[in-house]
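Descriptive structure summary
So the chains spell out like this:
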Amino acid sequence: MTTTRRFMCGLAAVAAALLAPPAPAQTTAPPEGRLLASNCFQCHGTDGRRGFEQINGKSQTEIYSKLKEMQSKQPGSGDWDIMVPHAKGYSDAQLLKISQYLSTIR
Amino acid sequence: MNYTRRTWLTAAGAVGFSAALTRCGGGDPLAPATTDAASAPLADAARSTRTAPTVVKSTTGRVVIVGGGMAGMAAAKYLRVWGGSGVQVTLLERNASYTSNILSNLVLTGQRTLSSLVYSYATAKQAYGIDIQQGAVTAIDPINRTVAVAGRTTPLQYDRLIVAPGVMFDTLIGLESPEAKDRVVHAWQAGPETTKLRNQLVAMPDGGTFVMTIPKAPYRCPPGPYERACVVADWLMRNKPKSKVIVLDANPMPTAERHTFETAFYGIFANILTYVPNVSISSIDATGARVVVHTTVVPDGPVDFIGDVVNAIPPQRAGKVVLENGLAPGGLWAPVKPATFESTVAAGVHVIGDSCSTASAVLPAGVPKAGHIGNQEGKTAADAIIRAFRGLAPDTDVVINSACYSPITASTASWLTAVYQYDASGNGYRMVNAPASEATNPTADGYQDMNTWFNTLMGETFA
């Protein structure tokens with residue numbers, strides 16, 4: 001199947017090159033962090049505008065430092081809430097991507 | 001369905017260029033070029049603040065979605081929000097509206113009406129331009145990329161198919177007849193059975209016994225059965241205090257929020273509720289004045305439990321359309337590639353929500369079957385499909401998160417959360433910091449948060 005498909009796609013690509021105008025020069029990758037940040041929307045609404053707390057449109061630093069602060073809290077402490085273990089589930093690189101993306105949406 | 005033979009025939013026969021082109025993941029390259037600006041109302045808001053690329057490749061493609069539940073609707077919405085108007089989305093759903101399973105246990109206690117859990121398809125249809133049609137899919141042809149719809153002569157063409165039918169329920173031995181099915185309901189699909197179980201509880205005499213059975217995991221909504229046991233016990237304590245609750249669990253312990261549920265079972269509900277783990281049900285006899293559940297309990301051996309009201313939640317498997325179209329070769333769940341939710345047995349077909357399984361021999365747990373998770377699976381599949389239409393590789397920095405609130409009494413609720421990270425090995429998802437975290441104890445604030453969570457999740461999915 002795979003070989004056949006590759007072959008057919010190869011043929012198709014040749015045909016497309018012959019028949020169609022030149023392909024657009026650039027493909028757009030989805031914005032970095034968009035899919036990761038969409039995990040927030042179940043509780044904070046589409047684009048982070050509703051629900052528990054508005055999380056969109058703040059600076060990346062503000063969102064990131066808030067998430068890092070949550071990560072530092074320990075079980076049994078007074079301010080242990082659902083966001084604490086939740087934030088602990090993401091890597092630093094992921095939190096940076098999420099906060100960057102959330103800072104760009106309105 | 002014999003894929004090998006059909007694949008061979010397709011390869012031997014002539015495949016039109018246009019068909020081959022759409023299968024290369026590039027959409028239709030011969031279609032007039034459009035920029036993302038053409039889909040401005042639906043376009044990702046971030047674009048307005050980013051430097052616009054000089055040439056933007058349009059995203060075009062046809063997606064058919066089977067099933068308008070938590071997963072299917074999230075996929076439909078985000079295909080349009082993220083993909084723009086070039087992504088045509090047709091969603092087929094058997095029912096005219098959606099009834100939420102989440103919070104349907106509160107219908108049993110009279111705290112919510114069933115109609116308060118009903119969501120219309122009209123909002124998303126209008127807001128996002130999703131072509132939502134009432135209809136049932138009868139057959140999937142993954143080679144020619146078509147789906148047949150009951151009562152229609154022409155099949156629907158797709159570039160990508162998303163299958164999200166939820167679960168199908170096994171029939172327990174003894175409950176084959178319509179009379180037995182009517183007497184012993186599962187109410188694990190919110191609807192008429194939920195009302196039926198509510199009425200049975202209302203009619204049960206004070207001093208009666210309510211027996212419920214829980215299947216082995218995986219099943220839909222891990223904390224759900226334990227939540228039901230709690231809210232029914234709480235309701236009986238206040239309304240029919242001489243009554244008893246017996247919970248027969250096929251699992252060795254609560255499959256979610258163990259601390260919360262064991263604390264409740266052996267604490268506030270200790271005088272009314274008996275929790276029996278490691279139970280396998282042999283059969284249920286619903287012919288007499290009271291219902292008899294024949295079981296084998298480890299290590300005690302055969303035990304019969306007798307109830308005035310018996311609520312048997314049977315084992316579950318993937319939806320009928322998944323099973324009948326060969327998407328679940330093992331006969332239970334549809335195996336999928338974890339980063340994209342594309343079926344491992346049919347290219348171009350994504351299975352999301354309760355019907356799919358991300359489990360593998362290396363990571364055997366798989367992400368749980370739950371509405372909040374189904375919503376994220378829908379977004380993950382939507383992102384993967386849009387990338388494929390643009391000729392991009394799938395994202396592998398994928399996280400599926402779980403957050404869930406459970407009512408424990410009429411005024412308190414607990415929560416759980418877990419984060420599932422895509423494993424770079426490609427074998428599935430790994431729960432970070434297992435086991436899942438849960439609330440220290442159920443609280444009144446938690447009950448308010450539960451309503452906020454529910455309303456936001458349903459808005460995110462249906463509006």
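Residues numbered from 1 in each chain as written. Chains lettered and ligands numbered in written order. Predicted model: local features only at pLDDT ≥ 70, side-chain atom pairs only at ≥ 80, totals over all residues.

**What to know about the overall build of chain A**
Summing up its helical and strand segments, chain A has 6 helices and 0 strands in all. For chain A, the sequential pattern of α-helices and β-strands runs α-α-α-α-α-α. Within chain A, buried positions represent 38% of all 106 residues. Taking as baseline every contact in chain A between residues at least 6 positions apart, the subset at least 24 positions apart corresponds to 59%. (Helix = DSSP H or I, 4+ residues; strand = E, 2+ residues; numbered from the N terminus. Buried ≥ 20, exposed ≤ 12 C-beta atoms within 10 Å, placed from the backbone. Contact = placed C-beta atoms within 7 Å.)

**Focus: the overall build of chain B**
Within chain B, the regular secondary structure consists of 12 helices and 26 strands. Across chain B, the fraction of contacts at a sequence separation of at least 24, relative to all contacts at a separation of at least 6, is 70%.

**A look at the sheet that holds strand S11 (residues 209-214) of chain B**
Strand pairing in a sheet is mediated by backbone hydrogen bonds. Such pairs are either parallel or antiparallel. Residues and elements named next belong to chain B. Read across the open sheet, the 4 strands follow the order S13-S12-S11-S17; overall the sheet is parallel. Looking along the sheet, the strands with just one partner apiece sit at the ends: strand S13 (273-276) and strand S17 (309-312). Across this sheet, the average inter-strand angle for adjacent strands is 10 degrees, counted without regard to direction. Across 4 bridges, the pairing between strand S12 (residues 244-249) and S13 is parallel. Of the residues in S13, the one forming a bridge with Val 245 is Leu 273. Across the face of the sheet, helix H8 (residues 224-239) comes into contact with S11, S12 and S13 while running at roughly 170 degrees to S11. (Pairing = 2+ DSSP bridges. Axes fitted to C-alpha atoms, helices over the stretch in contact; angles between N-to-C directions.)

**A closer look at the nonpolar core**
All names here are of chain B. Counting 150 residues, the largest nonpolar core has Ala 75 and Leu 79 as the members making the most contacts within it. Looking at this core, the element that brings in the most residues is helix H3 (residues 70-83), giving 10 residues. Summarising the domain contributions, this core has at least three residues from each of domain 1 (3-94 + 135-168 + 318-392) and domain 2 (171-314 + 404-462). Look past the residues within four positions of Leu 79 in its chain and what remains in contact with it is Val 63, Val 87, Val 89, Ala 382, Ile 385 and Ile 386. (Core = buried A, V, L, I, M, F, W, Y, C linked by C-beta atoms within 7 Å. Domains from an automatic or database assignment.)

**Considering the packing of helix H11 (residues 371-389) of chain B against helix H12 (residues 444-462) of chain B**
All names here are of chain B. Contact pair H11 / H12: the axes reach a minimum separation of 11 Å and the direction vectors enclose 30 degrees. As the angle between them shows, H11 and H12 are arranged roughly parallel. Handedness of the H11/H12 crossing: left-handed. Touching Gly 371, His 372 and Asn 375 of H11 are Leu 457, Glu 460 and Thr 461, all from H12. (Parallel < 35°, antiparallel > 145°, perpendicular 65-115°, else oblique. Left-handed = near helix turned anticlockwise from the far one by under 90°.)

**Points about the environment of Gly 174 of chain B**
All names here are of chain B. Its place among the elements puts Gly 174 in the loop between strand S10 (167-169) and helix H6 (178-183). Among the residues examined, Gly 174 registers 20 C-beta atoms within 10 Å and is labelled buried. Expressed as a C-alpha distance, the spacing of Gly 174 and Leu 161, which sit 13 residues apart in the sequence, is 38 Å. Among all residues touching Gly 174, those that are not within four sequence positions of it are Ala 180, Ser 283, Ile 284, Asp 285 and Ala 286.

**Examining the domain arrangement of chain B**
Residue and element names in this part refer to chain B. Examined at the domain level, chain B breaks down into domain 1 (3-94 + 135-168 + 318-392) and domain 2 (171-314 + 404-462). Each partner contributes residues to the interface: domain 1 has 20 residues there, and domain 2 has 19 residues. Per-class residue counts for the side of domain 1 that touches domain 2 are 12 nonpolar, 6 polar and 2 charged. (Nonpolar A, V, L, I, M, F, W, Y, C, P; charged D, E, K, R; others polar.)

**Regarding unusual backbone geometry**
Residue and element names in this part refer to chain B. Here the bond from Ala 217 into Pro 218 is cis, since omega is 5 degrees, no more than 30 degrees from zero. Residue placement: Pro 218 occurs in the loop between S11 and H8. Along the chain, Val 298 connects to Pro 299 via a cis peptide bond; the corresponding omega equals 5 degrees. Examined against the element boundaries, Pro 299 turns out to sit in the loop between strand S15 (291-297) and strand S16 (301-307). Even without a glycine there, the phi angle at Arg 145 is positive, about 55 degrees. Of note, Arg 145 is situated in the loop between strand S6 (137-141) and strand S7 (146-149). Positive phi, normally seen in glycine, also occurs at Cys 221, with a value near 60 degrees. Mapped onto the fold, Cys 221 is located in the loop between S11 and H8.

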